[in-house]
Amino acid sequence: MEGSDLMSVHIVLFDGVEELDFSAPLQVLGIARKIGTPLEITLVRVDGPGTVTAGCGTKVEVSSGWAPHTADLLIVPGGGATNPNRPGVAVEIERGVIPAALRAAERRGLTMASVCTGALLLGAAGLVRGRPCTTHRLSQARLAEQGGEVLAGPGHGAPGPRVVDDGDLITSAGVTSGLELGLWLLQRHYGTAIS
């Protein structure tokens, strides 16, 4: 999928999002943009513009609302997947707004990617069912319960792949995997010379 056309990337933020989950791919793609790669990167909220309080308390002002029809790529970070009493993935799954928005956004030409437990939001949207995918090792069983074909490592307890690319669905495992995801996305769209 090499190309020189502008790629519009939307990174979905929500209260409780893990800072590194969204900042790692943002940093990788942002550096590529600075050196001339044709990328447009937008932070978005499904609920419209506003302030997001990330998992460690970082406040992020998001000026763009939900407009997946203008994106080529949606990146869904994770954070807060195990505690239903604190903002994060668990609360967003229960609330149902982000999963419904992701489900409605699915269309030809749109790639959805996740970092870490962001895959659970894609799973709650029904987008991983029957597809190879990955997430944080402590959430793999839950992703499998959502219908994903979670790729594990070769032996008991061995980690699986850091990035799983299934065409219009790309998932990455663990908090720091956002770095690998960002690099993979650049290589996939623009070729090996860029990464």
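Look up a bit, the structure's there.
Read on for a plain summary of the structure. Every chain is numbered independently, its residues counted from 1 as its sequence is written. With pLDDT at 70 or above as the cut-off, local features in this predicted model cover only qualifying residues; side-chain atom pairs require 80 or more to be listed or tallied, and sums for whole chains, interfaces and linings still use all residues. For the side-chain quantities, the full set of heavy atoms in the structure was used; hydrogens and water were omitted.

## What to know about the overall build of the chain
The helix and strand inventory of the chain stands at six helices and ten strands. Computed over the C-alpha atoms, the radius of gyration of the chain is 15 Å, within 12% of the 16 Å expected from 2.2 N^0.38 for a compact globule of 195 residues. Based on the C-alpha atoms only, the size of the chain along its principal axes is roughly 40 × 40 × 30 Å. A separation threshold of at least 6 residues defines the contact pool for the chain, and within that pool the share at least 24 residues apart is 61%. As presented, the chain carries roughly 8,900 Å² of accessible surface, and 53% of it is formed by carbon and sulfur atoms. In the chain, the 15 positive side-chain charges and the 19 negative ones have mean positions that sit 2 Å from each other. Here a strand is any run of E in DSSP of at least two residues, a helix any run of H or I of at least four, and the numbering for each starts at the N terminus. Each radius of gyration is computed over the set of C-alpha atoms, and the globule rule expresses the reference value as 2.2 Å times the number of residues to the power 0.38. Working rule for contacts: check all heavy atoms of both residues, and any pair within 4.5 Å makes them a contact. All accessibility values rest on the Shrake-Rupley procedure with a 1.4 Å probe; residue burial counts only the protein chains present in the view. Under the convention used here, Asp and Glu are negative, Lys and Arg are positive, and both His and the chain ends fall outside the count. Charge positions come from single atoms, namely NZ of Lys, CZ of Arg, CG of Asp or CD of Glu.

## What about the pairing of strand S5 (residues 73-76)?
Two faces make up the sheet, and in a regular strand the side chains alternate between them. Relative accessibility under 20% of the residue-type maximum defines a buried residue, over 50% an exposed one, and the middle range a partly exposed one, all with a 1.4 Å probe and only protein chains included. Neither face of S5 is exposed, since Leu-73 and Ile-75 on one face and Leu-74 and Val-76 on the opposite face are all buried. Each pair of strands is called paired provided DSSP finds at least two bridges between the two strands. Bridge analysis of strand S1 (residues 7-12) against S5 gives three bridges, and the strand direction is parallel. Within S5, the position partnered with His-10 by the bridge is Leu-74. Relative to strand S6 (residues 111-115), S5 runs parallel, the two being bridged by four bridges. Paired with Leu-73 across the two strands is Thr-111, which belongs to S6.

## Points about the pairing of strand S3 (residues 50-53)
Of the strand pairs in this sheet, S3 and strand S4 (residues 59-62) are connected by four bridges, and their pairing is antiparallel. Its bridge partner being in S4, Thr-53 is matched across the sheet by Lys-59. Where S3 folds back onto S4 in an antiparallel hairpin, the turn is made up of five residues, including Gly-57, whose phi is positive at roughly 95°.

## Notes on the environment of Thr-82
Mapped onto the elements, Thr-82 comes out in the loop between S5 and helix H2 (89-95). On the basis of relative accessible area, Thr-82 is assigned to the exposed category, the value being 70%.

## With respect to the side chain of Glu-19
Position of Glu-19 among the secondary structure elements: in helix H1 (residues 19-34). Note on definitions: salt bridges are taken to be side-chain nitrogens of Lys or Arg within 4 Å of carboxyl oxygens of Asp or Glu. For the buried Glu-19, no salt bridge is present, and the opposite-charge side chain at shortest range is Arg-86, 8.9 Å distant. In terms of polar contacts, Glu-19 uses its side chain to reach the backbone amide nitrogen of Cys-56, at 3.0 Å. Not counting residues up to four positions away in its chain, the partners in contact with Glu-19 are Ala-54, Gly-55, Cys-56, Gly-57 and Thr-58. We call two N or O atoms a polar contact when they sit within 3.5 Å, provided that within protein one can donate a hydrogen and the other can accept it, with sequence-adjacent residues counted only if both atoms are side-chain atoms.

## A short note on the sheet that holds S6
With mixed pairing, six strands are arranged side by side in an open sheet as S2-S1-S5-S6-S10-S9. Of all strands in the sheet, those with a lone pairing partner are strand S2 (39-44) and strand S9 (163-165), marking the two edges. Within this sheet the neighbouring strands show an average axis-to-axis angle of 15°, counted without direction. Note on geometry: axes are lines fitted to C-alpha atoms, helical ones only across the stretch in contact, with angles between N-to-C directions running from 0 to 180 degrees.

## Here we look at the packing of H1 against helix H6 (residues 177-190)
Orientation of H1 relative to H6, taken along the N-to-C sense of each, is 35°, at an axis distance of 7 Å. Read as a crossing pair, H1 and H6 show a hand that is right-handed. Across from Ala-24, Pro-25, Val-28, Leu-29 and Ala-32 in H1, the residues of H6 making contact are Gly-178, Leu-179, Gly-182, Leu-183 and Leu-186. By residue class, the composition of the contact of H1 with H6 is eight nonpolar, two polar and no charged. In this scheme the handedness of a crossing depends on how the near helix is turned from the far one: anticlockwise by less than a right angle means left-handed, clockwise means right-handed. Asp, Glu, Lys and Arg are counted as charged, while Ala, Val, Leu, Ile, Met, Phe, Trp, Tyr, Cys and Pro are counted as nonpolar; the rest, among them Gly, fall into the polar class.

Everything listed is a geometric property; what it means functionally is a separate question.
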